[in-house]
Each structure stands twice: as structure tokens, then as C-alpha cells.
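# Understanding the architecture of this molecule
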Amino acid sequence: MSYHKPDEKTLQALKDIANKLRIHSIKETCASNSGHPTSCCSAAELMSVLFFHTMRYKADDPRNPSNDRFILSKGHAAPILYAAWAEAGFIKESELLNLRKIDSDLEGHPTPKLAFVDVATGSLGQGLGASCGMAYTGKYFDKASYRVYCMLGKDISILSPHSRGLTCDLFSGIEDQVNWHGKPMPKDRAQELIKDLLSQIQSPNKPLHPHLPNEDAAPADLTPIHLLTAPEYKIGDKMSTRKAYGVALKKMGDASPRVVAMDGDTKNSTFSEIFKKAHPDRFIECFIAEQNMVSVAIGCATRDRTVSFASTFAAFFARAYDHIRMAAISQSNVNLVGSHCGVSIGEDGPSQMALEDLAMFRAIPTCTVFYPSDAVSTERAVELAANIKGICFIRTSRPDNAVIYDAGEKFEVGKAKVVRQSDKDQVTVIGAGVTLHEALAAHDQLAKEGMNIRIIDPFTIKPLDASTIVASARATGGRVITVEDHYKEGGLGEAVLSAVGEEPGIVVHRLAVSHVPQSGKPQELLDMFGISAKSIVTAVKHTFAN
């Protein structure tokens, strides 16, 4: 990028704006009696030059698709971001004094409640990944000229100084002092500092306005995206849900150029490689950096520029959990797909087995949790996820299992499927993924022995179809068994317990993985942890006996 040094008047005006931003930041944090004024003041020159000399944007339309983007990764410096938008004319200066108040959107760290904030920040460093996703989207998907700026850093740690690349000769007795981090200035000290800063402003009335953007980014396309053809599987076909995900993702890519995918160097296992082969220009390889992959996906999805799907082994989303929780605060519409869940992956062993992921994602606000049990329901889960607001998690499995649904079967979020039922059912068994097929095998074996059980496929674990579960439980004498390839804590069983918790006369018996597993053949492990068809039969007979 070519650099043109501003003339002396412009340079002085930028210095003056920097000092105005300092004054705003000090006043804001004094008014709230909390915040990080020093972290703001150290960024003043950078903010002044970016917002009033370098960036191209419409100050009255912060989410214009052609605007340059700015991410304040050091989110604790939020007051100076608000100050910049006040100087640009979007925020009333008087509103700045409502910083951190319960009825104000000027929160302690930036969130997308504000039109000029694309992603929430505050967990330090995450803004860089989101910025990379936004920049990649601008260059390769939008093919537009908007640029992305990310401010990283933390000027002084809470306990000790960092080495710094920039110093400013200001704030005697405050600069470099660790005890000032995260504290407002005392009122008397603040007035003294403001008076000193005002004395340095030479051209208070010289107007500087941001440059306007090139109008070369199309408006966001918000039309729903649907599979162009129904699933092509027949009942009884064998297909893993992880491979069905790859097929579905490719089909969604066929349906819309807005669909993009990324993976953490596991594309041949998650089967996102099917999408990559069909749409290589819309695939981003993020390698073994799952945290960054999630933030890149969040960045790609900002301003509704893309519908992004990011996949890896479900176990590896654990290391990205901080980024996932920030996705919820960012109001992101990102789709995360985790394969190789549970002990059913077999010989690879416990480090690769996702056994906590349902608990993780159930705890995330805005998150819809899909757990498809066959190829048809997987395709529909991907289609639904592409059109849902908020975070979506799709849990896929490694083993090949039979297709149990007709290609025309309709699926909805929060609507379970009762896949086996009769008027003589005496126990309701709820399974998902691999364990649904174990439950179906148990059903067939028990039927030969004259015992009838009802089988439910929840499809989504969050939201859970409580009404169907309660109705089935009442129809089967209040007897419910849940079976899941997941730890007992936070999984399917606890979701069902929550759903029936206020219903009298319903008892839930939970079959789940009880402790850290080991390598072994999938069927051996299902038997070892009591979540196989054989174990379900035993549990049902025990329930009958009681």
C-alpha cells in the first residue's frame, strides 16, 4: 500500500483528535467509575489515524457492506472505540457518559449490539482470527476492495509491564505504572489531565472526515438456501453420518455461492474434502489450529457475507471453547461440525473420542445442537443449520450405519422422531447417532421375546422435543431409558431429565460412558460401557422386573 504523509495541518488535526479521544476516554471511565483509561490513551494516535485518515467508511452507515472493517481485539479499550465513533458523528457525545450502564449498549467490552461492532472481543487475541476471516472473505469471496484493520495488544499487564513498541510522552506518574491498569482516574487527577490535554489541542475546529468507501460489495443475500435435490439414499443403505455431512455440504455449495467451508486438517476424515473438490475456491484449510479456525469462520460469517461451516474431530472443539463462547456473544451465525464422537470410533483411543461435546455446546447460548442418526437426517441437519440464526453444532459419527428414513422425510428443529411404537410399548428408549441403531437392534430382539419398547430419535438435543418425550413416557408407564455415546454429565440423558423434571411419575434410567475409555474395537467398547444393544436389552428387562 502506498503511503502519503499528511500535510502539517492534517497532521496537527490528527494529533488534536487523538487528544480528544483521550479526553473522551477519561471522562467515560470516570463517569462509570470503572474501565481502562490507560489502555485507551495509549491507542489514541492509532485510532485517530485509522478513523480519520486511513479507513474508508460511511460514518452514518457502519454496517455498509463496502465499508472498511475495524476490530478492536484489545476489547478493554472499548471507550476509545466509542469515542472514535462519537468524533465521527455516529454516537452522541453525551451518550459516552453512559458507558457500562445497564440501559446502555456501550458495554465494558464491544459487542455487536452496536452497529459498528462486527464481533465481540475481550478474550484477548481472538480479534485477529475473526479479522483474517473477514479479510479472506473480502478478497476471495466478495472480491471487493474493503480492508480490515485489527488492533491487538495489552499495554501493561495487570501485574507487570510488557515490552512495548510504541511510547508516548504523556501522563506523568501514570504511564508505565502497573497499578493504573483497569482503573478510572480519580476525579481531581482526571480534571488535571484533561486540562493538560486541552492545552495541547491547537485546531479544535478543523474538520476531518473519513474517506468514503468504494461501493463494490453487494448487499447481503438473505434468501434461504435449500438442497437442490432430495437425499439420494435408500432405506437400508450403509453410510456414516460424517460422510453424509460431506455430501450434504457439497450439495449446499451447489445450491448457493454463499456457502463456504473450512477444516482443521481433517478433511479426509470429516469428509469436507467432498466440498473442497467441488468448490475449491470456497474452502479454507485452517490446519491444526482449531481455535483460529472457529474465529476465522466467525469472521467469514460477519455482516451475512457467507454461510460458513467449520469441521474437525468433535473432541478438538474443546480447545476452541473460548472462541465458541465468544461466538455466542458475537451473535454469530457460524456452523460447527464435529466428527468422531464417542467410544464408537474404536481403536484410536480416548484422546480422539468426543465425550464432552454435547455438554459443551448445550451450555452455549444461541446454540442449536443437531445429532443426526442417519444419512438422510444429516443432510437435513446441514440444510437447516445453514438457515438458522445463532451457532449450530452438528455431531457426526464414524461408523457406517443403516439409513432409516425415507428420502422425503421432513425434519424440523426441536421435533423428535418416534421411529418404533405400538399400543403395547412399556418402556421408552431414547438414543441418538450410533446408540439409536443399538436401540433399534434391542427393539427387534425384545420383540421376539414378546416385549415392546418405543424408540425415539431426538434429532436435536437442543432444543429437545420435550412434548414428544413426555407423551411417550406417559404412554409407557413413565419408564424412560436414555442411551448415549457420551459421558453422563451434560449429555442426552441430562437433557431428557431436564425435559421431564417437573413431570410426576416419570423415571429416567441413563446409560452412558461412565469413565475415561481406552482403545478397542467399537463393538467391544459399546459393550464395555453398557451402551450397546445387549446392554439396552438388559436395562429394559430390569425395568420390566421392577
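Quick caveat, the model's predicted, so the values are computed rather than measured.

Here the focus is the packing of aromatic side chains. Here the structure, examined in full by the defined rule, presents 17 aromatic pairs. Aromatic side chains Phe 313 and Phe 316 sit 5.3 Å apart centroid to centroid with 10 degrees between the ring planes, which places their arrangement in the stacked category. Judged by its relative accessible area of 19%, Phe 316 falls in the buried class. Among the aromatic residues, those joined into a cluster by ring pairs are Phe 51, Tyr 57, Phe 70, Tyr 82, Trp 85, Phe 90 and Phe 116. The side chain of Arg 69 reaches across the aromatic face of Tyr 146, ending 3.6 Å from its centre. Just above the ring of Phe 316 sits the side chain of Arg 319; from NZ or CZ to the centre is 6.0 Å.

Take the sheet that holds strand E4 (residues 259-263) next. In space, the seven strands of this open sheet follow the order E5-E4-E6-E7-E9-E8-E14, with mixed pairing throughout. In the strand order of this sheet, the two ends are held by strand E5 (283-285) and strand E14 (460-462), each with one partner. Neighbour-to-neighbour, the strand axes of the sheet open up by a mean angle of 20 degrees, direction not taken into account. Here strand E8 (residues 368-370) runs beside E14; their pairing, made up of two bridges, is antiparallel. Within the sheet, the bridge partner assigned to Phe 370 lies in E14 and is Thr 460.

Before going further, it helps to examine the environment of Glu 412. Along the chain, the position of Glu 412 falls in the loop between strand E10 (401-402) and strand E11 (417-420). Remark: the alpha-carbon pair of Glu 412 and Pro 350, spanning 62 residues in sequence, is separated by 33 Å. Sequence-distant contacts of Glu 412, that is, excluding residues within four places in its chain, are made with Leu 384 and Phe 459.

Reading the values: rules and limits
Think of each chain on its own: its residues are numbered from 1, step by step along the sequence as written. Totals for whole chains, interfaces and linings use every residue, but because this is a predicted model, local features are given only for residues with pLDDT of at least 70 and side-chain atom pairs only at 80 or more, for both listing and counting. Note: side-chain values were computed over all heavy atoms of the structure, leaving out hydrogens and water. For Phe, Tyr and Trp, where Trp contributes only its six-membered ring, two rings pair if their centres lie within 6.5 Å, and the inter-plane angle classes them as stacked under 30 degrees, edge-to-face over 60, or tilted in between. Here's how the labels work: a residue is buried when its accessible area is under 20% of the maximum for its type, exposed when over 50%, partly exposed in between, all with a 1.4 Å probe on protein chains only. The rule for a charge over a ring is simple: NZ of Lys or CZ of Arg within 6 Å of the ring centre, and within 35 degrees of the ring normal. Only when DSSP finds a minimum of two bridges between them are two strands counted as paired. Helix and strand labels come from DSSP, where a helix needs a run of H or I of at least four residues and a strand needs a run of E of at least two; each type is numbered from the N terminus. Axis definition: a line fitted to C-alpha atoms, limited for helices to the stretch in contact. Angles are taken between N-to-C directions and run from 0 to 180 degrees. What makes two residues a contact is simply this: any of their non-hydrogen atoms within 4.5 Å.

In short, geometric facts, not functional conclusions.
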